[in-house]
Amino acid sequence: MFAAFLQYLFSGLTSGAIYALAGLGFAIIYNSSQVINFAQGEFIMIGGMSSATLVASGVPMPLAISLAMLISMAAGIALEKFAIEPARNSDVVTIIIITIGASIFMRGAAQLIWDKEFHSLPAFSGESPIAVMGATLMPQSLWVFAVSGVVIVALWWFFNRTMFGKAMLGTSHNRLAAQLVGVGVKKVLLASFALSALLGAVGGIVVTPITFTNYEAGIMLGLKGFSAAVLGGLGNGGGAIVGGLIVGIAEALASGYLSSAYKDAIAFVIILFVLFFMPNGLFGKRGTDRV
Amino acid sequence: MRNLVKLGVVTVVAAGVCAVAGVASAAEPIKIGAFLSATGPASFLGEPEKKTLEMYVAKLNKDGGVLGRKVELVVYDDGGAGDKASTFAKRLIESDKVDLIIGGSTTGTTMAAIPLIERAQIPFISLAGAVVIVEPVKKWVFKTPHTDRMAAEKVFSDMKKKGISKIALISEDAGFGKSGHDQSVAVVKNYGIEIVADEVYSPKDPDVTAQLTKIKNAPGVQAVFNFGFGQGPAIVTKNYKQLSMPMPLYQSHGVASKDYIRLAGEASEGVRLPAAGLVVPDQLAATDPQKPVVTAFKKEYEAAFKSDVSTFAGHAYDGLQIALVAIARAGSVDKAKVRDEIEKTSGYVGTGGLVSMSPTDHMGLSPAAFHMVEIRKGDWVLSD
């Protein structure tokens, strides 16, 4: 009985950590620009696809991973330069719609640059499951947990301990004031897209050995990541992690103890329920407007 | 291939007769229309289908065409969307004025176009799987691929042979997996097999160990049957190994491509599934009538496109051949005559199996069209 529960929990943690990593990217861009970047899932896909195809063509894994991160960052910077920046004086809603368009464009481009097949990466530390009290866990899931942990610590350090990180936070709070004290607002926006693309790529690379990837992989990861970010409170990195884990574990427990046919519905009911009582998510700042 | 040669001969003779009689009508090409899902989520079906049609039509024209006339192929890409499929079917009928339509890569796009096609009374050969396309029989609608029900029946009869009576079903809760699940539930009783656990997963779930754990703990499960395609079955297979589940794992014909083995890796060892002869051409018995057909098709396809042949490409090949043979026999492109000739298709040896249609059977494949294969050391091994 306990072994089964533990297995459900591991299953949920594995999916949850994947959703959480995807959710983190949404949080960062929202933090610095109030924009929800619907192309976030595509950064994940680009990271996964480029690392998988590079490894398949014989490039050593560490080099392939670094290149994949650079490629995704380049895509993030290009998105900001060519699509977001020209529209920077428009409404947030307009920019959000631009990101939706960009995501469709990136999916199409991926279809042409790569192909429509699924690709996989070898697991980082082998495929032998680790047995824990009758349940099993793949080593790759531990990689996903560890990377999520490292990323969240690194982000905390970046936003709270570096000048540039603080400048980014400042810009999100008050753009005009930030500009007045000498923050290069344009540079901040560019950096936030580069950073979230990098984050997406990292996520894409560590989850590809588990979920595989293809040109459309970003849709599901983007959607679940968005749910995670909203549940945790948009703009809060830690919240995205907690939100992702809650969604993942709820799905796994629901399919274990209730019925797998309703697992998605149950996850969404939980999200709706939380948002009904806490409209800003679990850890979101309350939206008070000072007059 | 042999059919094509035969066709060429018929054509040359027919052309000669026409020339002698002085009624040369060689100018007008025969128009075959197709709407396929060459992009979008079903592109793994539509893309090889499109390539196959284009390749064989070009080849046919080089050899002189049919009835002394060239064949013109008009292909539209519906992106897997039903509304676009019906728009393109309309365009094929009304503005391109085609003589015959091949297509509908998916059951959804096929069903969306059927009402228009029935109204326009034009022969139509679908490349999609589900039984609903030809059951009940529709006058102008035919199809080439195996149905999901046949796949389920093949798997259950293999289980029965091995003395398995209690199984668990795990299927994708959308499209192909859902339809396969419903067909499996409908026919399983005929084999004296009981489904004791019935689990589903979403097409893009990253992990299904929760569902598999539930199956593992269900009492008396002797085998597990997974219905789905894309990455889902590969994830099921990997998770299956992770939980070291002891009973045999069966997959559907949806995974009969090398991609599945590549993705699932070592975990796919020992998995059994029903597949068309096209997957294992070298292992078919020398007496198997399908052997020369599938060997030639595989060779030509792989030489032309440098990628592994899939059964989906084979469906398009079969559809085109059946259409061309019927047109040649009808001696014209008169729609009613061509339709009647398609219905009279008998003993056609295709990539999917032997096809003999009748007024009550517009698919014409026998259950023998499927072979049971097992995955050993990363390759298919025939294991009927």
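What you are looking at is a predicted structure, and each value in this text was computed from that prediction instead of being measured. (Residues numbered from 1 in each chain as written. Chains lettered and ligands numbered in written order. Predicted model: local features only at pLDDT ≥ 70, side-chain atom pairs only at ≥ 80, totals over all residues. Heavy atoms only, no water.)

### Some points on the overall build of chain B
What counts, and what does not: Only DSSP runs of H or I with at least four residues qualify as helices, and only runs of E with at least two residues qualify as strands; both kinds are numbered from the N terminus onward. The buried label applies to any residue whose accessible area, calculated with a 1.4 Å probe on protein chains only, is under 20% of its type's maximum; exposed applies above 50%, and partly exposed to all values in between. Residue exposure ignores everything except the shown protein chains as possible cover, and the areas themselves are Shrake-Rupley values with a 1.4 Å probe. Counting rule applied: Lys, Arg positive; Asp, Glu negative; His and chain ends not counted. By convention, charge coordinates are those of NZ in Lys, CZ in Arg, CG in Asp, or CD in Glu.
For chain B, the count of helices and strands is 12 helices and 14 strands. For the C-alpha atoms alone, the extent of chain B along its principal axes is close to 75 × 45 × 35 Å. Taking all 384 residues of chain B together, 57% fall into the buried category. In the form shown here, chain B has an accessible surface area of approximately 14,600 Å², with 57% of it arising from carbon and sulfur atoms. Of the side-chain charges in chain B, 44 are positive and 42 negative, and the distance between the mean point of each set is 3 Å.

### Focus: the overall build of chain A
Test applied: This radius of gyration counts C-alpha atoms alone. The globule rule is 2.2 Å times how many residues there are, raised to the power 0.38. A contact between two residues is defined here by any heavy atoms of the two lying within 4.5 Å.
Scanning chain A from N- to C-terminus turns up 11 helices and 2 strands. Listed N to C, the secondary structure of chain A is α-α-α-α-β-β-α-α-α-α-α-α-α in terms of helices and strands. A compact globule built from 291 residues should have a C-alpha radius of gyration of about 19 Å, and chain A, at 19 Å, falls within 12% of that. The burial tally for chain A puts 53% of its 291 residues in the buried class. Expressed as a percentage of contacts within chain A between residues at least 6 apart in sequence, the contacts between residues at least 24 apart total 76%. When the accessible surface of chain A is totalled, it reaches about 12,900 Å², and 72% of it is carbon and sulfur. Separation between the mean location of the 14 positive side-chain charges and that of the 11 negative ones in chain A comes to 14 Å.

### Things to note about the environment of Val-57 of chain B
Residues and elements named next belong to chain B. Residue placement: Val-57 occurs in helix H2 (residues 43-62). Judged by its relative accessible area of 6%, Val-57 falls in the buried class. Taking the C-alpha atoms as reference, Val-57 lies 7.1 Å from Leu-73; in sequence the two are 16 residues apart. The contact partners of Val-57, leaving out residues within four places of it in the chain, are Val-71, Leu-73 and Leu-320.

### Some thoughts on the sheet that holds strand S4 (residues 124-126) of chain B
All names here are of chain B. The following threshold applies: Only strands joined by at least two bridges in the DSSP assignment are considered to pair. Note on definitions: angles span 0 to 180 degrees between N-to-C directions of axes, and those axes are lines fitted to C-alpha atoms, for helices only across the stretch in contact.
Within the open sheet, the 5 strands sit side by side as S2-S1-S3-S4-S5. Their pairing is parallel. Looking at the sheet topology across the chains shown, the edges are occupied by strand S2 (71-77) and strand S5 (141-143). With direction set aside, neighbouring strand axes in the sheet form an average angle of 20 degrees. Summarising the sheet, strand S3 (residues 100-103) and S4 pair through 3 bridges and their orientation is parallel.

### A short note on the interface of chain A and chain B
Quick reminder of the rule: Buried area: the accessible area, evaluated with a 1.4 Å probe, that two parts lose upon being put together, summed over both parts. By definition, a salt bridge exists where a carboxyl oxygen of Asp or Glu is found within 4 Å of a side-chain nitrogen of Lys or Arg. Any pair of N or O atoms that falls within 3.5 Å is considered a polar contact. Within protein, one atom must be able to donate a hydrogen and the other to accept it, and sequence-neighbouring residues count only if both atoms are side-chain atoms. Residues are grouped as follows: Ala, Val, Leu, Ile, Met, Phe, Trp, Tyr, Cys and Pro are nonpolar; Asp, Glu, Lys and Arg are charged; every other residue, Gly included, is polar.
Opposite the 35 residues of chain A that make contact, chain B presents 29 residues. Here chain A meets chain B over a buried area of about 2,600 Å², counting both sides, of which 50% is carbon and sulfur. Counting the surface chain A buries against chain B, the share from its top three residues, Lys-116, Phe-118 and Phe-212 of chain A, is 23%. Counting the contacts that link chain A with chain B gives 3 salt bridges. A salt bridge links Glu-216 of chain A to Lys-204 of chain B, with the shortest nitrogen-to-oxygen separation between them at 3.7 Å. Our count for the chain A to chain B interface comes out at 11 residue pairs in polar contact (both at pLDDT 80 or more). Among the elements of the structure, helix H1 (2-33), strand S2 (135-137), helix H8 (185-211), helix H10 (237-257) and helix H11 (263-277) of chain A are those that each provide at least two residues to the side of chain A that touches chain B. When residues of the side of chain A that touches chain B are assigned to their parent elements, the largest contribution, 8 residues, is made by H1 of chain A. Of the residues assigned to the side of chain A that touches chain B, the class counts are 16 nonpolar, 13 polar and 6 charged.

### Brief notes about unusual backbone geometry
Of the consecutive residues Glu-135 of chain B and Pro-136 of chain B, the connecting peptide bond is found in the cis state with omega at 5 degrees. Although it is not a glycine, Phe-212 of chain A adopts a positive phi angle of roughly 65 degrees. In this fold, Phe-212 of chain A is placed in the loop between H8 and helix H9 (217-232). Judged by its relative accessible area of 3%, Phe-212 of chain A falls in the buried class. Non-glycine residue Lys-97 of chain B carries a positive phi angle of around 50 degrees. Note on placement: Lys-97 of chain B falls in the loop between helix H3 (82-94) and S3. For Lys-97 of chain B, a relative accessible area of 58% puts it in the exposed group.

### Regarding the pattern of salt bridges
In a structure, side chains of opposite charge can pair up when their charged atoms sit close to one another. Enumeration over the complete set of coordinates arrives at 23 salt bridges over all chains. Where Lys-258 of chain B meets Asp-379 of chain B, a salt bridge forms, and the shortest distance between an N and an O atom there is 3.4 Å. With Lys-258 of chain B in helix H9 (residues 258-264) and Asp-379 of chain B in strand S14 (residues 379-382), this pair connects stretches of sequence that are 121 residues apart. By relative accessible area, Asp-379 of chain B is classed as partly exposed at 35%. We note a salt bridge from Glu-302 of chain B to Lys-298 of chain B, for which the minimum N-O separation is 3.2 Å. Here the residue Glu-302 of chain B and the residue Lys-298 of chain B both occupy positions in helix H10 (residues 290-305), the gap between them amounting to 4 residues, near one helical turn. Since its relative accessible area comes to 24%, Glu-302 of chain B is described here as partly exposed. Each of Lys-224, Glu-251, Lys-263 and Asp-264 of chain A together with Asp-205 of chain B takes part in salt bridges that share partners, so that together they form one network.

### Regarding the domain arrangement of chain B
All names here are of chain B. In plain terms, the rule: Reported domain spans reflect what an automatic or database domain assignment gives.
Domain boundaries assigned for chain B yield domain 1 (2-146 + 287-365) and domain 2 (149-282 + 370-382). Relative placement of domain 1 and domain 2: their C-alpha centres are 31 Å apart. Each side of the interface is counted separately: domain 1 has 20 residues, and domain 2 has 14 residues. Of the roughly 1,400 Å² buried between domain 1 and domain 2 on both sides combined, carbon and sulfur atoms contribute 68%.

### Quick notes on the nonpolar core
Residue and element names in this part refer to chain B. Heads up, the condition is: Only buried residues count toward a nonpolar core, which is a set of Ala, Val, Leu, Ile, Met, Phe, Trp, Tyr and Cys residues joined through side-chain atoms within 4.5 Å.
By size, the foremost hydrophobic cluster in this structure holds 85 residues, and its most contacted members are Ile-32, Phe-35, Val-66, Ile-101, Phe-156, Met-159 and Ile-342. Counting residues per element, this core draws most heavily on helix H11 (residues 311-330), at 11 residues. Residue contributions to this core reach at least three from each of two domains, namely domain 1 (2-146 + 287-365) and domain 2 (149-282 + 370-382).

### Considerations on helix H6 (residues 175-187) of chain B
Because each turn of an α-helix spans 3.6 residues, side chains separated by three or four positions in sequence point in the same direction. So the rule is basically this: Here the expected span of a helix is defined as 1.5 Å times the quantity of residues minus one.
Taking 1.5 Å per residue as the helical rise, H6 of chain B with its 13 residues ought to reach 18 Å, and the 19 Å between its terminal C-alpha atoms agrees with that figure. On its buried face, H6 of chain B sits against helix H5 (148-161), strand S6 (166-172), strand S7 (194-201) and strand S8 (223-227) of chain B.

### Some points on the pairing of S14 of chain B
All names here are of chain B. Two elements, strand S13 (residues 370-376) and S14, share 4 bridges in a ladder whose sense is antiparallel. The residue of S14 that forms the bridge with Val-373 is Leu-382. Where S13 folds back onto S14 in an antiparallel hairpin, the turn is made up of 2 residues, including Lys-377, whose phi is positive at roughly 50 degrees.

### Comments concerning a nonpolar patch on the surface
Quick note on the threshold: Distance thresholds for patches are 9 Å for like charges and 5 Å for nonpolar side chains (Val, Leu, Ile, Met, Phe, Trp, Tyr), applied to residues having over 30% relative accessible area and no salt bridge.
A grouping of Met-1, Phe-2, Phe-5, Met-133, Tyr-257 and Leu-258 of chain A is seen on the molecular surface, where their side chains present a nonpolar patch of about 710 Å² in accessible area. On the accessibility criterion, Met-133 of chain A (59% relative accessible area) is exposed.

### Considering empty space enclosed by the protein
Applicable threshold: A 1.4 Å probe that fits but cannot get out identifies a cavity on a 1 Å grid over protein atoms alone, an open set with protein on both sides within 12 Å along at least five of seven lines counts as a pocket, and a residue lines either if it has an atom within 4 Å of a point. Grid points are joined across faces, edges and corners, and a volume is the space filled by probe spheres set on the points.
Under the defined criterion, the tally for this structure stands at 8 cavities of 30 Å³ or more. Taken as a whole, the largest cavity spans an internal volume of roughly 180 Å³. Along its surface, the largest cavity is lined by 16 residues, and Met-138, Pro-209 and Ile-210 of chain A together with Lys-238 and Asn-239 of chain B are the ones closest to its centre. Contributions of two or more residues to the lining of the largest cavity are made by helix H5 (139-161) and H8 of chain A together with helix H8 (231-242) of chain B. Counting residues per element, the lining of the largest cavity draws most heavily on H8 of chain B, at 4 residues.

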